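A closer look at the structure
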Amino acid sequence: MSVPARAEVVVVGAGLAGLSAAVRLADAGCDVHVLEAGGHAGGRLATERVDGFVVDRGFQVLNTGYPRVADLDVPALGMGWFRSGAVLRVDGRVHRVVDPRRQPALALDMLRAPIGSLYAKAAIAAYSARVGYGPVDRLLREPETSAEERLRAAGVGEEALERFFRPFLAGVLLESELATSSRYLGLLWRSFARGRIGLPARGMQSVGAQLADRLGGDRLHLRSRVRVVASGQVRWDGGVVGADAVVVAADPDTAATLLPGVEAAAPRQVTTHLHVLPESPWREPLIVLGGPGGRLVNSVVLTDAQAAYSPDGRALVASSTLLPSSEAEVRGELARLHGVPTSDLAHLTSVTVPGAQPAALPPLQLRRPVDLGAGVYVCGDHRDTPSIQGAMASGARAARAVLRALRPAPTPQEP
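Note that the structure is predicted; figures quoted are calculated from it, not measured.

Time to look at the packing of helix H3 (residues 118-133) against helix H7 (residues 182-194). Direction vectors running N to C along H3 and H7 enclose 95 degrees, while the axes themselves pass 8 Å from each other. By the angle between their directions, the pair H3 and H7 is classed as roughly perpendicular. The residues of H7 that touch H3, namely those facing Tyr127, Ser128, Val131, Gly132 and Tyr133, are Leu185, Gly186, Trp189, Arg190, Ala193 and Arg194. Each residue belonging to the contact of H3 with H7 can be placed in one class, and the counts come to 6 nonpolar, 3 polar and 2 charged.

Counting residues in each nonpolar core, the largest one holds 114 residues, and the members touching the most others are Phe164, Phe165 and Leu169. Once residues within four sequence positions are removed from consideration, Leu169 is found in contact with Leu151, Leu174, Leu178, Leu185, Leu188 and Trp189. Core analysis: the second largest hydrophobic core is formed by 21 residues, Val3, Trp236, Ala255 and Val376 among them.

To find the voids left in a structure, one rolls a probe of water-molecule size over its atoms. If you walk through the whole model with that rule in mind, you get 2 cavities of 30 Å³ or more. By volume, the largest cavity amounts to about 70 Å³. If you go around the largest cavity, the residues you meet are Val54, Val55, Asp56, Gly58, Phe59, Gln60, Leu199, Thr272, Leu274, Leu302, Tyr309 and Ala318. Of all elements in the fold, only strand S4 (53-56) and strand S14 (268-277) reach the threshold of two or more residues within the lining of the largest cavity. If one sorts the elements of the lining of the largest cavity by residue count, S4 sits on top with 3 residues.

Take unusual backbone geometry next. With the exception of glycine, most residues fall at negative phi, and the peptide bonds are largely trans. With an omega of -5 degrees, the peptide bond running from Pro362 to Pro363 counts as cis. Tracing the backbone through its elements, the reader meets Pro363 in the loop between strand S18 (346-357) and strand S19 (371-373). Look at Asp91: it is not a glycine, yet its phi comes out positive at around 55 degrees. Topologically, Asp91 is positioned in the loop between strand S7 (85-90) and strand S8 (93-98). The phi angle at Arg223 is positive, at roughly 50 degrees, despite the residue not being glycine. Mapping Arg223 onto the fold places it in the loop between strand S10 (220-221) and strand S11 (226-230). Of the residues examined, Arg223 reaches a relative accessible area of 63% and is grouped as exposed.

Okay, H3 next. An α-helical turn contains 3.6 residues, so a residue and the one three or four places further along point in the same direction. Counted at 1.5 Å a residue, the expected span for H3 with its 16 residues is 22 Å, and the 22 Å between its end C-alpha atoms agrees. Among all positions in H3, only Ala120, Lys121, Ala123, Ile124, Tyr127, Ser128, Val131 and Gly132 are buried. The buried residues of H3 all sit within an arc of 155 degrees when viewed along its axis, so they share a single face. Facing away from the buried side of H3 by more than 90 degrees, the exposed set consists of Leu118 and Tyr119. Those residues of H3 that are buried are in contact with helix H2 (107-112), helix H4 (136-141), helix H5 (147-154), helix H6 (158-173) and H7.

All right, on to the packing of aromatic side chains then. Under the counting rule described, the total for this entry stands at 8 aromatic pairs. Geometrically, the ring pair formed by Phe164 and Trp189 is edge-to-face, given 6.4 Å between the ring centres and 85 degrees between the ring planes. Separated by 25 residues along the polypeptide, Phe164 in helix H6 and Trp189 in helix H7 bring together distant segments of the chain. The two residues Phe164 and Trp189 agree in class, both being buried. When the ring of Phe168 is compared with that of Phe192, the centres are 5.4 Å apart and the planes differ by 70 degrees; the resulting orientation is edge-to-face. Note that Phe168 is positioned in helix H6 and Phe192 in helix H7, a separation of 24 residues in sequence. Ring pairs connect the aromatic residues Phe164, Phe165, Phe168, Trp189 and Phe192, which therefore count as one cluster.

Spatially, the 7 strands line up as an open sheet ordered S8-S7-S15-S16-S17-S14-S18, and their pairing is mixed. The open sheet is flanked by S8 and S18, the only strands paired with a single partner. Neighbour-to-neighbour, the strand axes of this sheet turn through a mean angle of 25 degrees, independent of strand direction. Examined bridge by bridge, S14 and strand S17 (residues 315-321) share 7 bridges and lie antiparallel to one another. Residue pairing for S17: Leu274 is matched across the bridge by Ala318. On top of the sheet, H6 reaches S7, S8, S14, strand S15 (287-289), strand S16 (296-301) and S18; it is set at about 115 degrees to S15, its chief contact. Against the sheet, helix H11 (residues 327-338) makes contact with S7, S14, S15, S16, S17 and S18, and its axis sits at roughly 60 degrees relative to S16, the strand it touches most.

When its volume is computed, the second largest pocket comes out at roughly 440 Å³. Around the second largest pocket sit 22 residues that line it, and Pro67, Val136, Leu187, Arg367 and Gln389 are the ones nearest its centre. Those elements that place two or more of their residues in the lining of the second largest pocket are H4, H7 and helix H12 (388-406). Sort the elements by how many residues they give to the lining of the second largest pocket and H7 lands first, with 6 residues. Classifying every residue of the lining of the second largest pocket by side-chain character gives 10 nonpolar, 5 polar and 7 charged.

What the domain assignment reports for the protein chain is domain 1 (6-45 + 203-266 + 362-406), domain 2 (83-111 + 268-357) and domain 3 (115-195). Relative placement of domain 1 and domain 2: their C-alpha centres are 34 Å apart. Between domain 1 and domain 2, the residue contacts involve 5 residues of the former and 5 residues of the latter. Around 420 Å² of area is buried between domain 1 and domain 2 when both sides are counted, 52% of it from carbon and sulfur atoms. Three residues stand out in domain 1 for area buried against domain 2, namely Arg44, Ala266 and Pro386, and they jointly supply 78% of the buried area on that side. In this assembly, domain 1 and domain 2 are joined by 1 residue pair in polar contact (both at pLDDT 80 or more). Tallied by class, residues from the side of domain 1 that touches domain 2 come to 3 nonpolar, 1 polar and 1 charged.

Basis of the calculations
Residues numbered from 1 in each chain as written. Predicted model: local features only at pLDDT ≥ 70, side-chain atom pairs only at ≥ 80, totals over all residues. Heavy atoms only, no water. Axes fitted to C-alpha atoms, helices over the stretch in contact; angles between N-to-C directions. Helix = DSSP H or I, 4+ residues; strand = E, 2+ residues; numbered from the N terminus. Parallel < 35°, antiparallel > 145°, perpendicular 65-115°, else oblique. Contact = heavy atoms within 4.5 Å. Nonpolar A, V, L, I, M, F, W, Y, C, P; charged D, E, K, R; others polar. Core = buried A, V, L, I, M, F, W, Y, C linked by side-chain atoms within 4.5 Å. Buried < 20%, exposed > 50% of the residue type's maximum accessible area, 1.4 Å probe, protein only. 1 Å grid on protein atoms, 1.4 Å probe; cavity = no way out; pocket = protein on both sides within 12 Å on 5 of 7 lines; lining within 4 Å. Points joined across faces, edges and corners; volume = space filled by probe spheres on them. Expected span 1.5 Å × (residues − 1). Arc of directions from axis to C-beta. Phe/Tyr/Trp six-rings, centres within 6.5 Å; stacked < 30°, edge-to-face > 60°. Pairing = 2+ DSSP bridges. Domains from an automatic or database assignment. Buried area = accessible area lost by both parts, 1.4 Å probe. Polar contact = N/O pair within 3.5 Å; in protein donor to acceptor, adjacent residues only side chain to side chain.

Structure (structure tokens):
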């Protein structure tokens, strides 16, 4: 179906924020159309096939601890799951740091892991319990500082901070200084404590594809780049569309260009190197953390969690670095992390993602306004938190704001 000359609502961008808004609006009976400049739905969640292997645009996972994941049909994605925890190498020896609640058989491994004293490990457990299961409003009322300062104040100790928390969180936050807001750290750690981490059978792009299927193909217009947004209309490469409401759900740089009053940026960058091994060197699907001073923040055998990522049973390994790097620069370090000879590593491809996600520095700006007035709205993870949760939550907020304007609740009549 071609782009109409008029729609009740036009959504600019088919990432998770735009799709979340559009699906809610369509379910409420709105005539909504989505214009997407790219060739697929899902935005930064993109997947391709390389020599038969499923390759996501960077190492990404679906975290069921995010509240808005409830909007998805997770079983239909054919999920494969990682274990809760990580592997680290210290002085050449392998150690597992796991959640003993979920893996009681590995509790002794956790006690033996070289991440500090029993007191420090008890402090880790106490912090996890407090942010994982305490009230969210209390977490957000705590004095705000950096993630590193909050962990130090929690008493996790230097060894746990440097050997576990810093490399683990660097792979999530895409920054190793742990300068991220302590409040966002609490929200993030809460999701890890409460949820499971996994990969869809057809890759992360299938998350966006599922929302797009719910919306309907006649409402989604790919390769339709919007150039100008104004009250009551959008101008795209094929013409002009009139609308009662316009929701800009583009990436941060594009959103700031289309809406000059909006400040948004995605400064975090990550490079992921994909390799193939004849078989996995591990028994459990756990992420392997990089060591202090190394280039890699983490490396993981994706097929240990999701066998469908491989066409023939070989192991697919994803290794991430925050600094620009070539495959040759990380090859030796990667082999040491997994305890395999470099000759076993077959380089598949490398993916660099500039602007991978916005920063979440203090002060954390949760739930930034989505209603800009004059029938123009904005959503995206830059309006909430830099995550799948933030994108979907801001899309839901934008949809509610549009519905308040276009479908106001009737005023009760006087008796």
